[in-house]
Amino acid sequence: MQNPHVENGVSILTDDLGCARRINARNVTVRDTGDDRGRGIFAARGFLPGEVVMIGLLNRLEKARTTHSIEIDWNVHALFEEPPVFVNHSCDPNLAIVPNRFRAYDFIAVREISPDVELTWDYATSEFESIAVPVCLCAAANCRQAAGGFSTLPPDHPLLLAGFYAPYLKRNCG
């Protein structure tokens, strides 16, 4: 039996981390989007709704919110390892977040995704207030013009109705 590794207060078998990283490397690629959004994540294969596309792993916790951090609890901000750190925002995303055993989020397909499609998620589903996207470039039909935050989402938002948002937001908000 392998010895557990403690990372950010969570006991994890080293094999688990390696497996998660291999899954991420197999499922997605990081490349330039070709526009003002910079780098993005693209599907290396097709995915069906409900499939785990990427496994989020914590790189480090931040003392304050940054444009690349992801809020994992009230006033707890984390930088994820690549590739998820490069997932761009969309007001009509093809990914949603669910908590995982690594104290991070897995990114799951919310609809069918073809190979080579850019992968996106709605930052407002993890951030009570988001500073990452003050001017949205997603061009979705339902674009809110900024990522905003959980506090700005309408109560009938499809990801909210499906429960695809950070668990900490359910406390005192949901």
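- The chain goes by SET domain-containing protein-lysine N-methyltransferase in an unreviewed UniProt entry, where it is assigned to Mesorhizobium caraganae.

Considerations on the pairing of strand β4 (residues 39-43)
The side chains of a regular strand alternate, first on one face of the sheet and then on the other.
In step 1: Of all five residues in β4, four are buried; the element is thus mostly enclosed.
In step 2: Connecting strand β3 (residues 28-32) to the next strand, β4, in antiparallel fashion are six residues, including Gly-34 with a positive phi near 85 degrees.

Re the sheet that holds strand β11 (residues 105-109)
In step 1: Taken in spatial order, the three strands line up as β5-β11-β10 in an open sheet, and their pairing is antiparallel. On the outer flanks of this sheet lie β5 (52-55) and β10 (95-99), each paired with one strand and no other. Neighbour-to-neighbour, the strand axes of the sheet open up by a mean angle of 30 degrees, direction not taken into account.
In step 2: Sheet topology note: the β10/β11 ladder contains five bridges and is antiparallel. Directly across from Pro-99, in β11, lies its bridge partner Tyr-105.

Thresholds applied
- Residues numbered from 1 in each chain as written.
- Predicted model: local features only at pLDDT ≥ 70, side-chain atom pairs only at ≥ 80, totals over all residues.
- Heavy atoms only, no water.
- Buried < 20%, exposed > 50% of the residue type's maximum accessible area, 1.4 Å probe, protein only.
- Helix = DSSP H or I, 4+ residues; strand = E, 2+ residues; numbered from the N terminus.
- Pairing = 2+ DSSP bridges.
- Axes fitted to C-alpha atoms, helices over the stretch in contact; angles between N-to-C directions.

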